[in-house]
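# Per-entry structural report
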Amino acid sequence: MRAAIRMEILKTKGRKIWLVVAVMMGVQMLWAGWAISNKDANDLVQGWLFFLYQFPMLNCIIMPVIAAVVASRLCEVEHKGQTFKLLETIVPANRIFDAKFIWGSIYMFGAALGQVAIMIGMGLMLHFGGPVPWGALGGYLFFTLAVSLTIYAFQQVVSMLFANQMVPMTLGLVGGFIGLFSMFFPQGFQKFILWSYYGVLMQVGMNWDQNTRAIDFYWTVIDWSGFVLLFVFFGLIYGIGRILFVRREV
Amino acid sequence: MSNVIETEGLSKEYGNVYRVKDVDLLVPEGAIYGFLGPNGAGKSTTLKMVLGLAKPTAGEISVFGKRVNSKNRLENLKNVGSLIESPSYYGHLTGAENLQIFQTLRGVPKQNIDEVLKIVRLDNQKNKKVSQYSLGMKQRLGLASALLGYPKLLILDEPTNGLDPAGIQEMRELIQSLPKKFGMTVVVSSHLLSEIDQLATRVGIIREGELVYQDSLMKLHQYSQQHLAVRTMNNEVTKSFLSQNGVDWEVQDDYLIIPQMKDSMMAEISKVLGQNNIGLVRIEERKKSLEDIFLELTGTAVSL
Ligand SMILES: Nc1ncnc2c1ncn2[C@@H]1O[C@H](COP(=O)(O)OP(=O)(O)OP(=O)(O)O)[C@@H](O)[C@H]1O
Ligand SMILES: [Mg+2]
C-alpha cells in the first residue's frame, strides 16, 4: 500500500495540483477580505462567528470544485495512457482505488487547513472580538473535512469510471450549485443532498432582525444525526464506487 | 513438456453474442505461440481473460498449471508480463519514471529498469517525456514494462502495431531471442500470418471467437502443400464427373482445385476424361501460400 501511495505522488509530478488548491484558497481569501471590509468595529466583535457562518456557505461551491479538479487530475492520466489494464495485472484494483483516495484526501485536508489558517490570520490581523475560538475552529476543520472527503469520494468514483473527465467536472459543478441553493430549503430536505452538508453541519446560526436590520450570530447545537447520515453517505459512495471500479473490465 | 497456459471451454459473451466460444488454448512451455485471427476475432478478449482483466462467461483457465481464481490471480501473474492492445504509459512522465512506477509496484530490483531499457533500445531516450515519444517508441516502452520482472510468460497483443518495417523486424528478432535468453514463453497475437511465420513455434487461429486451428507451424506448412490444380477443355462436365466420384473440387480462375491424390487415382481420372473426349490440358501441383490457408481458416475467403 505504501508503494502504491508513493507512486501516486510520483504520478502527480508536474501536474500542478497544489496550484489549483492554492488558487482556490486565494479566491476564498479575497472573498473573505471583501466580506469583512464593509463591516464596522461593532460587527467585528462577532468576527469569528461571522467567518464560521460564511465559510461553510462558500464551501458549498468552492470545495466541490476543488474535489472535482483534484480527482480528475489524479485519474485522467490513467485513462489517457490506458494504464489500468497494466496496473490491474500488478496491483489489486481496490488498492489502486484506496491509494488514489488517500493521496487525494491530502489535498482536501490541505484546502480545509488553508481555510482555517485564513480565518485565524484575518481574525488576528483585524482584532476580532474575544480569543481565538480553537474549539470551534477545530470543529470547523473536522466537519469541513468530513463533508469534503465524502464529496471527494464521489468525484473519484466518477473520475475513475468515466474516461471523459467532462462527466465528473459537470457533476461536481452541478452538485456545488445544488448545495448552494439548498441553503434556502428546509433542513430536513438538505440532509438528502450531499453537497449541502457544509450547511447542515454549521456551528453558527444567524438572526436577522427585520425592524432594526441588525444581524446577530449565535452558536448552534451540532447536528450529530446529520453527521451520522453523512457517514452513511460516505460508506455507500466509497463502498459501491469501489466495487464498481473493481468489477469493471478494462 | 508442461503447458504454461491451458484454457478449457473459455467463453465470453458481450450483449448476448459469444465473442469467444469454447476456446481450449494450449501454450507449451518455452514456445513462441502465435495467436492469429482477423480483426474482431476475439484475440484481445481471450488474452484479457487469461490476465483476469475480463471475466469469462464460462470456462477455466490454468496458468503455470494452477487453476486461476480471483484469490490467486495476482500471485500467479507475478511471473507474467503483458502488453494488451496498446502500451500503457503516463505521458507527462519520462520513460524511466514510467518504468519506475511499474518496477516499484512489482517489487523487482531497480536495476531492471536500465536493463530492459537497453533490451528495447530506449536507453538514450529514457529521460524524455513519453508524450513526446513516437508510436514505435511507446510500443517499445510497453514491451519494456512487460519485461520488467523478467517474467516466465510474456503476453504480447499485436506488439508490432504501428511499427515500420524495420521496427517490425527488430521486434521479431527481439521476441525470437527471449525464450533462449531468458527462458520465457511468449504468446504473440497478430492478424497477419506472415508476421509470425518463421517466428512462432506453435500457432492458434481464432475465427469469430472459435479456435479453428491449433498445432505447430510446421503442420500448417505441410497442410499447405496438398493440392492439385487441373484444367480441362470442359471444366463444367469435369466438375460433375468429379462430384460423382466423390472428389472435392473448387474453382479458381480457369482451374479446378482438387486434393492431392495417388498417382494411380490421377491416372484413372485422366483416362476417363480422355474417354469422354475432354482434353486434360494442365495438371499442376499447387502449393497454397500460408496466407491462403489462413484466409480459408478464418473464413474471409471461400473455404475448401
Ligand atoms: N467491452 C466490450 N463490449 C462489447 N463488445 C466487445 C467488448 N470488447 C470486445 N468486444 C467485441 O468482441 C469482439 C472481439 O474483440 P477483440 O478485441 O477480442 O478482437 P481482436 O481479435 O483482438 O481484434 P483486433 O485484431 O481488431 O484487435 C469484437 O466483435 C468486439 O466488438
Ligand atoms: Mg485486439
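Keep in mind that this is a model prediction, so the values were computed, not measured.

## Quick notes on the interface of chain A and chain B
With 23 residues of chain A in contact, the opposing surface of chain B contributes 28 residues. Interface of chain A and chain B: buried area, both sides summed, is about 2,400 Å²; carbon and sulfur atoms make up 63% of it. Inspection of the chain A/chain B interface yields 14 residue pairs in polar contact (both at pLDDT 80 or more). Put simply, the parts of the chain that give the side of chain A that touches chain B at least two residues each are helix 1 (2-11), helix 4 (47-80) and helix 5 (84-87) of chain A. With six residues, the single largest contributor to the side of chain A that touches chain B is helix 1 of chain A.

## Things to note about the sheet that holds strand 7 (residues 80-83) of chain B
Residues and elements named next belong to chain B. Reading across the sheet, the six strands line up as 7-8-9-4-10-11 and stay open at both edges, with mixed pairing between neighbours. Both edges of this open sheet fall to strand 7 and strand 11 (210-216), since each of them pairs with a single strand only. The mean inter-strand angle of the sheet, taken between neighbouring strand axes irrespective of direction, is 15 degrees. Where strand 8 (residues 153-157) and strand 9 (residues 185-190) come together, five bridges link them in parallel fashion. Of the residues in strand 9, the one forming a bridge with L153 is T185. Lying over the sheet, helix 5 (residues 135-147) contacts strand 7 and strand 8, oriented at roughly 165 degrees with respect to strand 7. Contacts from helix 11 (residues 290-297) reach strand 4 (32-36), strand 10 (202-207) and strand 11 within the one sheet, and its direction differs from that of strand 10 by about 40 degrees.

## Describing a nonpolar patch on the surface
All names here are of chain A. A cluster of nonpolar side chains, L173, F177, F181, F184, F185 and F189, forms an exposed patch at the surface whose accessible area comes to about 650 Å². The dominant element in the nonpolar patch, judged by the number of residues it contributes, is helix 8 (residues 166-181), at three residues. With respect to the secondary-structure elements, F185 resides in the loop between helix 8 and helix 9 (187-190). Judged by its relative accessible area of 37%, F185 is partly exposed.

## Some thoughts on helix 4 of chain A
Residue and element names in this part refer to chain A. In this model helix 4 runs 47 Å from its N-terminal to its C-terminal C-alpha over 34 residues, within 8% of the 50 Å that 1.5 Å per residue would give. Where burial is concerned, most of helix 4 is hidden: 30 out of the 34 residues are buried. Of the residues trailing helix 4, Q82 is marked for its positive phi of about 45 degrees.

## Some points on the UniProt feature "transmembrane region" (unreviewed entry) in chain A
All names here are of chain A. As annotated by UniProt and renumbered to match this structure, "transmembrane region" (unreviewed entry) occupies residues 17-36, 48-71, 106-128, 134-154, 166-185 and 224-245. Structurally, residues 17-36 is divided into 100% helix and 0% strand, and its ends, taken at the C-alpha atoms, are 29 Å apart. Within residues 134-154, the helical portion is 100% and the strand portion 0%, while the C-alpha atoms at the span's ends are 30 Å from each other.

## Topic: unusual backbone geometry
Although it is not a glycine, K16(A) sits at a positive phi angle of roughly 55 degrees. Unusually for a residue other than glycine, E85(B) sits at a positive phi of about 65 degrees. With relative accessibility at 37%, the residue E85(B) sits in the partly exposed group.

## Let's talk about the packing of helix 1 of chain A against helix 6 (residues 93-125) of chain A
Residue and element names in this part refer to chain A. Helix 6 packs onto helix 1 with a crossing angle of 60 degrees between their chain directions and a minimal axis gap of 9 Å. Taken together, the axis directions place helix 1 and helix 6 in an arrangement best described as oblique. Remark: the crossing between helix 1 and helix 6 carries right-handed chirality. Contacts between helix 1 and helix 6 involve A4, I5, E8, I9 and K11 from the first element and R95, A99, K100, I102 and W103 from the second.

## Section: the sheet that holds strand 13 (residues 250-252) of chain B
Strand pairing in a sheet relies on backbone hydrogen bonds, with the paired strands running either antiparallel or parallel. All names here are of chain B. Here four strands make up an open sheet; going across it, the order is 13-14-12-15 and the pairing antiparallel. Two strands lie at the open edges of the sheet, namely strand 13 and strand 15 (280-286), each paired on one side alone. Adjacent strand axes in the sheet meet at a mean angle of 30 degrees when their direction is disregarded. Relative to strand 14 (residues 255-259), strand 12 (residues 227-232) runs antiparallel, the two being bridged by four bridges. Across the sheet, A229 pairs through a bridge with I257, a residue of strand 14. Here helix 9 (residues 235-244) sits on the sheet in contact with strand 12, strand 13 and strand 14, set at roughly 20 degrees to strand 14.

About the cut-offs
- Residues numbered from 1 in each chain as written.
- Chains lettered and ligands numbered in written order.
- Predicted model: local features only at pLDDT ≥ 70, side-chain atom pairs only at ≥ 80, totals over all residues.
- Heavy atoms only, no water.
- Contact = heavy atoms within 4.5 Å.
- Buried area = accessible area lost by both parts, 1.4 Å probe.
- Polar contact = N/O pair within 3.5 Å; in protein donor to acceptor, adjacent residues only side chain to side chain.
- Helix = DSSP H or I, 4+ residues; strand = E, 2+ residues; numbered from the N terminus.
- Pairing = 2+ DSSP bridges.
- Axes fitted to C-alpha atoms, helices over the stretch in contact; angles between N-to-C directions.
- Patch = residues over 30% accessible without salt bridge, like charges linked within 9 Å, V, L, I, M, F, W, Y side chains within 5 Å.
- Areas by Shrake-Rupley, 256 points an atom, 1.4 Å probe, with all protein chains shown as cover.
- Salt bridge = Lys/Arg side-chain N within 4 Å of Asp/Glu carboxyl O.
- Buried < 20%, exposed > 50% of the residue type's maximum accessible area, 1.4 Å probe, protein only.
- Expected span 1.5 Å × (residues − 1).
- UniProt positions renumbered as here; feature names shortened; annotations may be inferred.
- Parallel < 35°, antiparallel > 145°, perpendicular 65-115°, else oblique.
- Left-handed = near helix turned anticlockwise from the far one by under 90°.

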